[in-house]
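# Observations on the three-dimensional arrangement
Chain by chain, the residues run as shown.
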Amino acid sequence: MQKVDESRVIKVTNTRYREHFHIQTPAGWLNDPNGLCFFKGYYHVFYQFHPYSAEWGPMHWGHVRSKDLVHWENLPVALVPGDPEDSGGCFSGSAIVKDNRLYLIYTGHHYYDDGDQDHFWENQNVAYSDDGVHFTKYAGNPVIEAPADNSQDFRDPKVWEHDDQYYLVVGSREQANSRARILLYRSSDLLQWQYCGPITASQSIELEGSMWECPDLFRLNGQDILACSPMGIQPQRHRFLNLSQAAYFVGRLDYDQARFAHYGLHLLDYGHNFYAPQSFLTPDGRRIQFGWFSSFDNPLPEQDDGWAGALTLPRELVMHGNRLGAIPAQETAKLRVGEALNTSAIIHSPHQLPVADPQHTEWDLTFDLPNDYDSQVSWQLANNDQLLIALKYDQATGEVTVHQHGQASDRYATIGHVHQLRARIFVDTSSVEIFINDGAATFTERYYNDQQPVTATVAASQPAAIAAKAYTLDMKG
Ligand code: DQQ
C-alpha cells in the first residue's frame, strides 16, 4: 500500500477564503464527496483529494469523521494511489458496512504510457477497515473489470444492500455510440460481482449526456431515484447552463430484469457550483446528500493560497411533489453560535439586514408577497463596490434567479406562482447555499470577497412583509 509523501504535502498560505463551517482540505485540492456512511458511532466523509498541489492531480481519498454530521475531525488519508490496480488514481466510489467492517468500493484509474491524459482505462476495487481509520486494499483487486462493449469511461461505483444482496451501479459510456449508461452489478459478499447489465442509457448526448458520472440509486418515498452527474448536455433555455450538471431521474428499478424505467431528467440543484453529489442513509432513516462546490467554468482564487474546493453542507433529500428537492439537514442548527437577528418589517425599497458577521451567517427569510401577480422580492450580499450574490423571485414568471459576481450568466429555477417565499441561505467565507420553499429549489454558489464591509439587503418591488431570522455559524463553536 502506497503512503503519502509528507515532504511533498503543501500548506495553506493565506486564509482569506477559507470556509468556517464546510468540509475542506487541510491544504490541497478537493473534488467529489466519496464513501459517505455511518460506522461505529461516526459519520464518515471521504473526498477526492490531491495533497501535493491545489490543482487536480493523482486522486487520493481524503477523510474526515464526525459525531454529529457538522463538526468534522481530519483523519489520515484513507487511500493513496499508485498500487497496480489504481496506478493513476483512486477515483470516486462509495462505502458500505458488512459484519462490522467498513468497505470502500472505488475506481482504479490507469493511464497508458503514451503520456496522453485522455487515454486511460478504469476498473473497480475494494478496500476495507475495521477501525474506520486505517484501510487495507483487498489483495484480490480488481473486483470488477469493464465489459467488452465499454469505452474507457467506467467509474464511480455506488453500492447498497437490497433483499440480502449487495448491488452497485457504475457510470459507463458505451463504446459503439458514445452515450452514457448505467451498469448494475450484484454480489453476496462485496468481493465477487455478477454483471446484471445496463439498466438505462442516455437517449441523446445533447439532451441527456455522454457520460453519467457518480451515479447514485436509492429509494425515497416509494420511488426509485437515479441521481447522476451528466457530462455533455447542451443548454436548454434556462436549464442545463453549467458545463457539467448534477441531475436525476425518478422511476422504478426492476432488479430481476435489470431495468430502470423512468421519467425525464431534472436538475438536482440550479446553482453555478454543484457537482458529483452522493447520498447515504442515516441510522434514523434520512437520506442525506453532500455535493462538491464545483468549478468548471471559472478559476478558483483560493488556488493561489494552497487549497481548492469544499463540500456542501449535509442536505436532506425530500420529495417536493413529484420532484426531488433538498432541505438543510437538521444538524446544521448545531453550527449556530449565536442569534444574529430576529425581526419583521414591511419592506419596499432596499432594507439592510444588520448582522455582526454577514459572511458567516444562516439566514431564514420569509417574504409574504402582496396579493397581485407581478411582485418581485430579492436578497443580496454585496460589498461597497460589488454585488457578490443576488437572489430574486419574480411572481410574474414564477422564476427564482441567482446572480453570482463574475459569472457570465445567471441561473434560474421555476417554482411557479407563490405568495410566500421562504429562503434559507447559508453564507460562509466563500460559498452560499440557498434553499427555497422547503425543497422547491436549491442554488449552490461560490463567491470571493476582498473588501469589508459586506452587507445583506432585502427589497421588494411592492410593499411586502418579511420575517428575518439570522444566526452566526461556526464549526468551532
Ligand atoms: N471525479 C472523479 C471521477 C468522477 C469525477 C475523479 C467527477 O471518479 O467521475 O476525481 O467529478
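Residues numbered from 1 in each chain as written. Predicted model: local features only at pLDDT ≥ 70, side-chain atom pairs only at ≥ 80, totals over all residues. Heavy atoms only, no water.

### Details of unusual backbone geometry
Backbone phi values are negative for most residues with the exception of glycine, while trans is the configuration of most peptide bonds. Keep this limit in mind: Counting from the N terminus, the helices are DSSP H or I runs at least four residues long and the strands are E runs at least two residues long.
Note that the residue after Asn 141, namely Pro 142, is joined by a cis bond; omega there is 0°. Take Pro 142: it is sitting in the loop between β8 (136–137) and β9 (144–145). A cis amide bond links Gln 452 to the next residue, Pro 453, at an omega of 0°. Here Pro 453 shows up in the loop between β33 (441–446) and β34 (455–460). Residues other than glycine seldom take positive phi values, yet Arg 237 does so here, at roughly 50°.

### Some points on the environment of Ile 288
Topologically, Ile 288 is positioned in strand β20 (residues 287–292). A C-alpha to C-alpha distance of 26 Å links Ile 288 and Trp 307, two positions 19 residues apart in sequence.

### Things to note about the site of the ligand
The condition is simple: Any residue with at least one heavy atom within 4 Å of a molecule or strand is counted as near it. We call two N or O atoms a polar contact when they sit within 3.5 Å, provided that within protein one can donate a hydrogen and the other can accept it, with sequence-adjacent residues counted only if both atoms are side-chain atoms. Note on residue classes: Ala, Val, Leu, Ile, Met, Phe, Trp, Tyr, Cys and Pro are nonpolar, Asp, Glu, Lys and Arg are charged, and everything else, Gly too, is polar.
In the neighbourhood of the ligand, the contacting residues comprise Asn 31, Asp 32, Gln 48, Trp 56, Met 59, Phe 91, Ser 92, Arg 155, Asp 156, Glu 213 and Tyr 275. A distance of 3.1 Å separates an oxygen atom of the ligand from a polar backbone atom of Ser 92. Take Glu 213: an N or O atom from its side chain is 2.8 Å from an oxygen atom of the ligand. At the level of elements, β1 (28–39), β5 (89–98) and β10 (150–162) are the ones that each hand at least two residues to the shell around the ligand. Partitioned by chemical class, the residues of the shell around the ligand number four nonpolar, three polar and four charged.

### Let's talk about the pairing of β20
Rule in force here: Each residue's exposure class comes from its accessible area (1.4 Å probe, protein chains only) as a fraction of the maximum for that residue type: buried when under 20%, exposed when over 50%, partly exposed otherwise. Each pair of strands is called paired provided DSSP finds at least two bridges between the two strands.
For β20, the tally of buried residues reaches six of six residues, placing the bulk of the element in the interior. Residues Arg 287, Gln 289 and Gly 291 line one face of β20 and the alternating positions Ile 288, Phe 290 and Trp 292 line the opposite face, and both faces are buried. Judged from the five bridges that link them, strand β19 (residues 275–281) and β20 form a sheet pairing that is antiparallel. Bridge pairing links Gln 278 to Phe 290 in β20. Counted between consecutive antiparallel strands, the loop separating β19 from β20 contains five residues, among which Gly 285 sits at a positive phi close to 90°. Taken together, the two bridges between β20 and strand β22 (residues 315–320) define a ladder with antiparallel strand orientation. Its bridge partner being in β22, Gln 289 is matched across the sheet by Arg 315.

### Quick look at the side chain of Gln 289
Rules: Contacts are residue-level and defined by heavy atoms, with any inter-residue pair within 4.5 Å sufficient.
Position of Gln 289 relative to the elements: it lies in strand β20. Those residues in contact with Gln 289 that sit more than four places away from it in its chain are Leu 268, Phe 274, Pro 277, Gln 278, Ser 279, Leu 313, Pro 314, Arg 315 and Leu 317.

### Side note on the UniProt feature "domain: Glycosyl hydrolase family 32 C-terminal" (unreviewed entry) in the protein
Test applied: UniProt positions are given in the numbering used here, feature names are shortened, and annotations may be inferred rather than shown by experiment.
In the UniProt entry, the feature "domain: Glycosyl hydrolase family 32 C-terminal" (unreviewed entry) is given for residues 349–457. With 0% helix and 55% strand, the stretch residues 349–457 has end C-alpha atoms that lie 10 Å from each other.

### What about the pattern of salt bridges?
Any two side chains of opposite charge can pair, given that their charged atoms come close. Operational definition: Definition used for salt bridges: Asp or Glu carboxyl oxygen within 4 Å of a side-chain nitrogen of Lys or Arg.
For the coordinates displayed, the defined rule picks out 23 salt bridges. Linking Asp 216 and Lys 158 is a salt bridge whose minimum nitrogen-to-oxygen distance equals 2.6 Å. Of this pair, Asp 216 sits in strand β14 (residues 211–220) while Lys 158 is found in strand β10, placing the two residues 58 residues apart along the sequence. In this structure, Asp 216 and Lys 158 share a single accessibility class: buried. Between Glu 362 and Arg 424 there is a salt bridge; the shortest N-O distance is 3.1 Å. With Glu 362 in strand β26 (residues 361–368) and Arg 424 in strand β31 (residues 420–428), this residue pair connects regions lying 62 residues apart in the sequence. Judged by relative accessible area, which is 0%, Glu 362 ranks as buried. Via salt bridges that share partners, Glu 122, Asp 153, Arg 155, Arg 173 and Glu 213 belong to a single interconnected network.

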